[in-house]
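Chain residues, written in single-letter form:
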Amino acid sequence: MLIKCFKLSKGLLFALIAILLIISIIYFFIFCRQNISLEKNSISVDNSVLEETAVSSNLSNSTEENYIKWFEFNVSYEVLQKTSQLDINSHTTNKNVKYNWIELISYLACLYGNNFSKFKIKDLDNLVAKLDSGKSIDEITRDMKNYHYYYEGYSAVLSQYIGNFGISETPINNADNSNTQKSISYVQKYDLKAFHPLAQNYSYSHYKDFGNSRSYGYNRLHLGNDLMGSIGTPVIAVESGYVEAIGWNQYGGWRIGIRSFDKKRYYYYAHLRKGHPFVNDIYEGKIVQAGDVIGYLGMTGYSTKEDTNNINIPHLHFGIQLIFNEVQKDGPNQIWIDVYNLVDFLKKNRSTAIITNTKTKDYERKYEIIDPYVPD
Ligand SMILES: [Zn+2]
């Protein structure tokens with residue numbers, strides 16, 4: 001009886017071991033495969049933008065991993081200038097074929113592997129000729145495997161820079177709020193609607209300083225563009241959005257962070273003026289319009305103590321972070337773009353600021369914009 005029982009349980013035991021073995025083999029197989037694909041993913045993210053795109057497009061659309069993890073804004077001033085003119089002119093002259101500058105830029109990015117120093121005007125002329133002949137951008141770019149990646153990336157930067165808006169023909173503010181016109185007339189436009197980060201008639205200088213090394217606190221890279229100017233120069237909201245962060249930050253000093261309504265861009269304005277960094281009535285959550293005065297250039301920062309001037313040269317630090325997925329906002333793999341060419345490009349659209357309160361020495365914009373992008 002005992003032997004019989006032992007025999008039976010021995011058989012059972014073998015069966016159990018066999019089942020366990022099969023389960024662990026299956027589990028091991030699945031786990032290994034997942035690890036390999038994850039490794040592949042992270043290697044390609046680090047090494048090459050192109051491989052990253054290929055990996056992303058291989059991933060199923062239903063996975064949350066399918067977002068852009070790296071993007072470089074490399075468009076030259078010349079290409080920004082030429083493509084925006086094509087876009088704006090085709091709309092304002094009501095041409096049959098209307099161009100979208102982001103599509104033009106994304107096509108060129110494919111052609112040059114995102115290296116715009118290779119730009120030749122004949123490439124843009126050829127594309128325009130094809131579009132004029134009635135071909136759609138989808139047909140033209142059908143075999144360009146990275147087109148959608150570039151289109152998504154460049155849209156994330158530029159989608160709100162050109163479009164329809166209204167602008168007041170007469171000033172909405174006058175000095176010390178006297179003589180403010182009661183009835184303001186607006187003109188409708190299709191044009192550049194993003195503004196330069198410093199107000200009209202204030203001089204500044206800047207150079208290509210993206211990626212330079214910085215050593216305060218810890219060794220890191222400079223992820224923006226410094227605009228050297230006079231203390232008190234009104235700082236302007238480049239794009240409409242809402243104030244996401246405002247106050248003191250050890251590195252940026254007095255700083256404002258503004259998020260675009262589509263949540264893809266985070267504008268960072270830092271080192272604002274000691275004592276009076278921000279305009280009156282600005283707070284976290286407030287909606288600002290492109291061209292609004294938000295604060296004043298200064299030299300605060302590099303200190304844990306609030307309101308400390310520890311920056312040697314007065315300047316505005318201006319940066320743009322791209323966010324394709326919220327995990328990128330404060331995580332270790334943030335995407336900050338080189339805004340030098342953009343700042344140059346925006347020189348043609350500077351908001352005029354005038355002092356409206358001589359007691360508080362606060363400035364406001366002179367002309368109002370009605371941006372349809374701003375929610376009611
Ligand atoms: Zn800086």
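(A) Local environment of the overall build of the protein. Looking only at helices and strands, the protein features nine helices and 17 strands. Counting all 376 residues of the protein, 34% fall into the buried class. Long-range contacts, defined here as pairs at least 24 residues apart, represent 67% of the contacts in the protein between residues at least 6 apart.

(B) Summary view of helix 3 (residues 77-92). A rise of 1.5 Å per residue sets the reference length of helix 3, with its 16 residues, at 22 Å; its end C-alpha atoms lie 22 Å apart and thus fit the reference within 8%. Taken together, the buried positions of helix 3 are occupied by Val 79, Leu 80, Thr 83, Ser 84, Leu 86, Asp 87 and Ser 90. The arc enclosing the buried residues of helix 3, seen along the axis, measures out at 155°, which places them on a common side. Tucked inside the fold, the buried residues of helix 3 contact helix 4 (101-112), helix 5 (121-132), strand 1 (162-168), strand 2 (186-192) and helix 9 (340-345). Just downstream of helix 3 lies Asn 94, where phi reads positive at about 55°.

(C) Highlighting the sheet that holds strand 1. Spatial ordering of the open sheet is given by 2-1-17, a layout of three strands whose pairing is antiparallel. Taken across any chain shown, the strands that pair with only one partner, and hence form the sheet edges, are strand 2 and strand 17 (369-370). Where strand 1 and strand 17 come together, two bridges link them in antiparallel fashion. Bridge assignment links Gly 166 to a residue of strand 17, and that residue is Ile 370. Packing of helix 3 onto the sheet brings it into contact with strand 1 and strand 2, and relative to strand 2 it is tilted by some 140°.

(D) View of unusual backbone geometry. Of note in the backbone geometry, Lys 263 takes a positive phi value of approximately 70° without being a glycine. At Asp 307, a position not held by glycine, the phi torsion is positive, near 60°. Tracing the chain through its elements places Asp 307 in the loop between strand 12 (293-296) and strand 13 (315-322).

(E) Structural detail: helix 4. The terminal C-alpha atoms of helix 4, which comprises 12 residues, lie 16 Å apart, in line with the 16 Å expected from a rise of 1.5 Å per residue. Most of helix 4 sits inside the fold, with nine of its 12 residues counted as buried. Residues of helix 4 that are buried include every one of Trp 101, Ile 102, Glu 103, Leu 104, Ile 105, Ser 106, Tyr 107, Leu 108 and Ala 109, and no others. Structurally, helix 4 contributes buried residues whose contacts are with helix 3, helix 5, helix 6 (137-140), helix 7 (147-158) and strand 1.

(F) Looking closely at the environment of Tyr 147. With respect to the helices and strands, Tyr 147 occurs in helix 7. Expressed as a C-alpha distance, the spacing of Tyr 147 and Leu 108, which sit 39 residues apart in the sequence, is 9.3 Å. Look past the residues within four positions of Tyr 147 in its chain and what remains in contact with it is Ser 106, Tyr 107, Cys 110 and Thr 141.

(G) Summary view of the packing of helix 3 against helix 4. Following both chains from N to C, one finds helix 3 and helix 4 inclined at 140°, their axes separated by 8 Å at the closest point. Classed by the angle they form, the pair helix 3 and helix 4 counts as oblique. The chirality of how helix 3 crosses helix 4 is right-handed. Here helix 3 contributes Val 79, Thr 83, Ser 84, Leu 86 and Asp 87 to the contact with helix 4, which in turn contributes Trp 101, Leu 104, Ile 105 and Leu 108. Looking at the contact of helix 3 with helix 4 residue by residue, the class counts come to six nonpolar, two polar and one charged.

(H) Up close: the environment of Leu 158. Summarising the element assignment, Leu 158 is placed in helix 7. Along the backbone, Leu 158 and Ile 102 are 56 residues apart, and their C-alpha atoms lie at a distance of 7.2 Å.

Conventions we followed
- Residues numbered from 1 in each chain as written.
- Predicted model: local features only at pLDDT ≥ 70, side-chain atom pairs only at ≥ 80, totals over all residues.
- Helix = DSSP H or I, 4+ residues; strand = E, 2+ residues; numbered from the N terminus.
- Buried ≥ 20, exposed ≤ 12 C-beta atoms within 10 Å, placed from the backbone.
- Contact = placed C-beta atoms within 7 Å.
- Expected span 1.5 Å × (residues − 1).
- Arc of directions from axis to C-beta.
- Pairing = 2+ DSSP bridges.
- Axes fitted to C-alpha atoms, helices over the stretch in contact; angles between N-to-C directions.
- Parallel < 35°, antiparallel > 145°, perpendicular 65-115°, else oblique.
- Left-handed = near helix turned anticlockwise from the far one by under 90°.
- Nonpolar A, V, L, I, M, F, W, Y, C, P; charged D, E, K, R; others polar.

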